[in-house]
Amino acid sequence: MTTPAEFPVTWAPRRTRAVLVPVCVLLVVMFVAIAVALPASWQFNDRLMMVLSGVLFAGVGLMLARPRVSADAEGITVVNFVRRRRLAWAEIVRVNFRQGDPWATLDLADGTSLAAVGIQSGLGKAQAIADARALRDLVERRGH
């Protein structure tokens, strides 16, 4: 993959999202159906907790579908499972994606590292390497 010529560009494990979002919807529907089908001896609170359990499981699934890395002219936005962080190009020193790493990491000017889970090897090592290289090329062109 070559360095993107136009902004914005987003890297995300799209297949993960394509699977998780329908599964999360199915979970909620399934738990609601179970709550409705429970025997009459089950109370309203039991049924409500069944529905809330389905919503909780779906919420966790949707958190797993969040990761992405988006770049624009001013910098990048890294969205991981729970947190979102905006970085200016100058804040990023290096993009790392070593053999065996589950996802790319960013070395930052303040001496810390940030996981960029949106670029991950789980769904295709070659694509993840190409995506990490494209981001690295952007960092090298824009960051210094």
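Below: a short report on this structure. Small disclaimer: the values here were computed from a predicted structure and weren't measured.

As for the pattern of salt bridges
The tally for this structure, following the rule as stated, stands at 4 salt bridges. Between Asp72 and Arg86 there is a salt bridge, and its shortest N-O distance comes to 2.8 Å. Of the two residues, Asp72 is situated in the loop between strand 2 (68-71) and strand 3 (75-79) and Arg86 in strand 4 (residues 84-88); the sequence distance between them amounts to 14 residues. According to the relative accessible area criterion, Arg86 is partly exposed, its value standing at 36%. Close ionic contact of Asp107 with Arg94 constitutes a salt bridge, the shortest N to O distance being 3.2 Å. Of this pair, Asp107 sits in strand 6 (residues 103-108) while Arg94 sits in strand 5 (residues 92-96), and the two are 13 residues apart along the sequence. Each of Arg136, Asp137 and Glu140 takes part in one network of salt bridges that share partners.

Focus: the packing of aromatic side chains
If you walk through the whole model with that rule in mind, you get 3 aromatic pairs. Ring plane angle 40° and centroid distance 6.4 Å describe the contact between Phe7 and Trp89, whose orientation is recorded as tilted. One end of the pair, Phe7, is in the segment before strand 1 (9-11); the other, Trp89, is in the loop between strand 4 and strand 5, with 82 residues separating them in the sequence. Taking relative accessible area as the criterion, Trp89 reaches 4% and is therefore assigned buried.

Some remarks on the packing of helix 1 (residues 14-37) against helix 2 (residues 44-64)
The contact between helix 1 and helix 2 brings their axes to 8 Å, and the two run at 175°. Of the possible angle classes, the one that applies to helix 1 and helix 2 is roughly antiparallel. Counting all contacts with helix 1, which are made through Thr16, Leu20, Val21, Cys24, Leu27, Val28, Phe31, Val32, Ile34, Ala35 and Val36, the residues of helix 2 involved are Arg47, Met50, Val51, Ser53, Gly54, Val55, Phe57, Ala58, Gly61, Leu62 and Leu64. Class assignment of the residues belonging to the contact of helix 1 with helix 2 gives a composition of 17 nonpolar, 4 polar and 1 charged.

A short note on the pairing of strand 2
Residues in a regular strand project their side chains so that they alternate between the two faces of the sheet. Of the pairings in the sheet, the one linking strand 1 to strand 2 comprises 3 bridges and is antiparallel in character. Along strand 2, the bridge assignment pairs Val9 with Ala71. From the end of strand 2 to the start of strand 3, which pair antiparallel, there are 3 residues.

Section: the sheet that holds strand 1
Strand order in the open sheet made by the 4 strands is 1-2-3-4, with antiparallel pairing throughout. Sheet topology places strand 1 and strand 4 at the edges, where each strand pairs with a single neighbour. Adjacent strand axes in the sheet meet at a mean angle of 15° when their direction is disregarded. The pairing of strand 2 with strand 3 spans 4 bridges and is classified as antiparallel. In the strand pairing of strand 3, Arg68 is matched with Val79.

Here is what the cut-offs are and how they apply
Residues take numbers from 1 onward in each chain, read along the sequence in its written order. Only residues with pLDDT of at least 70 get local features here, since the model is predicted, and only at 80 or more are side-chain atom pairs given and counted; chain-wide, interface and lining totals rely on the full set of residues. Heavy atoms throughout the structure, all of them, feed into the side-chain values; hydrogens and water do not. Counted as salt bridges are all cases of a side-chain nitrogen of Lys or Arg within 4 Å of a carboxyl oxygen of Asp or Glu. The helix and strand labels rest on DSSP assignments: H or I over at least four residues marks a helix, E over at least two residues marks a strand, and numbering proceeds from the N terminus. The cut-offs for exposure are 20% and 50% of the maximum accessible area for each residue type, with area from a 1.4 Å probe on protein chains only; residues under the lower value are buried, those over the upper are exposed, and the others partly exposed. Pairing of aromatic side chains here covers Phe, Tyr and the six-membered ring of Trp, requires ring centres within 6.5 Å, and sorts the geometry by plane angle: under 30 degrees stacked, over 60 edge-to-face, intermediate tilted. Here an angle of 0 to 180 degrees is reported between the N-to-C directions of two axes, which are lines fitted to C-alpha atoms, with helices fitted over the stretch in contact. Comment on the angle field: the value is read as roughly parallel under 35 degrees, roughly antiparallel over 145, roughly perpendicular from 65 to 115, and oblique elsewhere. Here, two residues are considered to be in contact whenever any of their heavy atoms come within 4.5 Å of each other. Only Asp, Glu, Lys and Arg are considered charged in this grouping, and only Ala, Val, Leu, Ile, Met, Phe, Trp, Tyr, Cys and Pro are considered nonpolar; every other residue, Gly among them, is considered polar. Paired strands, as defined in this entry, are two strands with at least two bridges between them according to DSSP.

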